[in-house]
Amino acid sequence: MLLEVGGLVKRYKTKDRQIVEAVRGIRFTLSAGAILAFLGPNGAGKTTTIKMIAGLVRPDDGDVTVEGHSLSGRSGQALRHLGAVLEGSRNLYWRLTPLENFEYWGGIRGLSRKTARDRGRELMREFGLEDKIGSTVQQLSRGMQQQVAICAALIHSPSLLLLDEPTLGLDLDASDRIQDYVLRLAHERGVGILLTTHQMEVAQTLADRISIIQNGVLTLEGLKEDVLARFTGSSYVFELAEAPSAEARLLADDLGAAWTGECEFRAVLDRPTDVYEIMRALEPCAVVRVMRETADLATVFREHTRKPVPVENIREVTA
Amino acid sequence: MLHALSAEWRREWVQLRRYPTELLSELAVIVLVFYGLFLGGSYMAGGAILGGRLSDIIVGYALWTLSMMSVGTMGWTISNEAQNGTLEQVFLSPYGAALILLLRNMANVVIGLLFTILTLFSVMAITGHYLFISPWDIVPGLLMIASATGLGYLVASVTILMKRSQQLLNLLQFILLFLIMAPTASLGGPWRWLAIMAPFSPVVALLRSMMTQGAALLGTGNWLLWSVVNAVLWLLIGLLVFAWAQKKARRRGNLSHY
């Protein structure tokens, strides 16, 4: 397994000397080539968890292993396989050019100057930024800076990439470029990606798996399709070739049709096979389209986080 | 590790080259200071005894500035990287932050030393006064920089935990200046331990006996031994405290958000 997060716990002492559990026994895994969207409301414990995975915050309990190397034991070995672009940090020296940044960040990760330069050029080419390689980072747009930061995080070809809000504050073009690249990175090159974002459409586009953290507890975890399906209602939209007769319309009403137009209605069905019953009731009027309404990730997130965290998962700890 | 050292070296050099006004003003300050030392030294010491005494002053000053650079670089690096938003990336290096700081310090000292040597030769050419500096002077110089590196780790530890260390650095400069100027080598009884254990003290005594009394490096009594012990001790203390401070900062979760 590429990343194993085992029972992470983090407690902080507040100014009034109370101990708050920011992360309570988080446990998940990430395999090579997969993208896990790690979602949660503000203050849920996402950034603390990401920083524990990067070794920047020391957990009070639990451990993180990257490619089998424990961060609490052989942290140097674990860090060789890890790259990170952290939110709220520039992640680059703005007075240096991208190429000079690659030489530096590659160097302190054990790469020779030539290897770092070649790899940096290749990464910049993949982002279509090869003509910006000689400009200082401060001269680049916000979107370009973020793309260069991703290149720098990938300079040592890590097998795990942590992306904390990678598209925050970027225009559509830059955001699309980053999303395209992240997809290729995971699915074509097998890099495992742990992504945190508040932009649900970004998470929905990129993620293979979804995890939701609330009050430091992982409250939802699964494949994206399963998570979306779990929240997909049994609501279907029917589109008809022509307006049905009054008799057929009444029959459909009895089966739960809510008309949204002359030739379109919505129905909530107990079983998917009830679709056929409605189609028979409407005959001879032809049904040209039946669409099951699927939930998007934003709806899932809203619905899920509206529920309070189960009581058994909350422990009050006082110093 | 060599790649990391050369990366640090290049980064420092590129930043110096990128802003030539900063480089030139830095060089101008060093030239002026050394020129002032030459002229002042000539005036006070007189032409006949100029050579030996002046070289003491100049070597002492050069070592002092390089040591202060070592003490300050690490703490300054921590707060500067935090303000730049690059501190986390430094801590993500598999070599560890302690080694990266050491390498950056080495790069700074080497660049500082190059500037000093270049300036010294330029000023000697301008004034026509040539100094004899023994290659053995480098040994106490290295020991002094090793002690200074240990103190640098202590300053970095304070910075990592308290987030600001400028006032501490100012205070430390005065304390170290006192330790260098005070004749601790002549202290007796239990105070002698102060001369042996206080940072820089034995190496200053070693330098004094080499420069003012003309003693050979190996003929300075136990001062060479105590200087080595002192340098290793302060370097170890600095490393241990920095390792503890890193652990504490990671536990508190305040490795960023400066």
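Residues numbered from 1 in each chain as written. Chains lettered and ligands numbered in written order. Predicted model: local features only at pLDDT ≥ 70, side-chain atom pairs only at ≥ 80, totals over all residues.

Peer 1: Lay out the overall build of chain B in plain terms, naming residues and giving numbers.
Peer 2: Scanning chain B for helices and strands turns up ten helices and zero strands. In chain B, the order of α-helices and β-strands from amino to carboxyl end is α-α-α-α-α-α-α-α-α-α. When each of the 258 residues of chain B is scored for burial, the buried share is 39%. For chain B, long-range pairs separated by at least 24 residues make up 74% of all intrachain contacts whose partners lie at least 6 apart in sequence. (Helix = DSSP H or I, 4+ residues; strand = E, 2+ residues; numbered from the N terminus. Buried ≥ 20, exposed ≤ 12 C-beta atoms within 10 Å, placed from the backbone. Contact = placed C-beta atoms within 7 Å.)

Peer 1: Got a sec to walk through unusual backbone geometry? Specific residues and values, please.
Peer 2: Residues and elements named next belong to chain A. Here the residue pair E283 and P284 is connected by a cis peptide bond, since its omega of 10° sits within 30 degrees of zero. The backbone phi angle of E67 is positive, close to 50°, even though this residue is not glycine. Positionally, E67 belongs in the loop between β4 (61-66) and β5 (69-70). Judged by C-beta crowding, with 18 C-beta atoms within 10 Å, E67 ranks as partly exposed.

Peer 1: Residue-level account of the packing of helix α3 (residues 98-107) of chain A against helix α5 (residues 142-153) of chain A, with values.
Peer 2: Residue and element names in this part refer to chain A. Relative to each other, α3 and α5 sit at 25°, their axes nearing to 9 Å. The angle between α3 and α5 falls in the class roughly parallel. With respect to the hand of their crossing, α3 and α5 are arranged in right-handed fashion. Contact with α3, carried on its side by P98, N101, F102 and W105, involves V148, C151 and A152 of α5 and no other residues of that element. Taken together, the residues of the contact of α3 with α5 break down into six nonpolar, one polar and no charged. (Axes fitted to C-alpha atoms, helices over the stretch in contact; angles between N-to-C directions. Parallel < 35°, antiparallel > 145°, perpendicular 65-115°, else oblique. Left-handed = near helix turned anticlockwise from the far one by under 90°. Nonpolar A, V, L, I, M, F, W, Y, C, P; charged D, E, K, R; others polar.)

Peer 1: Go over the pairing of strand β1 (residues 3-13) of chain A, please, and point to the residues and values.
Peer 2: Where a strand is regular, its side chains alternate between the two sheet faces. Residue and element names in this part refer to chain A. Examined bridge by bridge, β1 and β4 share five bridges and lie antiparallel to one another. Across the sheet, the residue bridging to E4 is T65, located in β4. Hairpin remark: β1 followed by strand β2 (residues 19-30), antiparallel, with five residues in the connecting loop; positive phi at R17, about 65°. (Pairing = 2+ DSSP bridges.)

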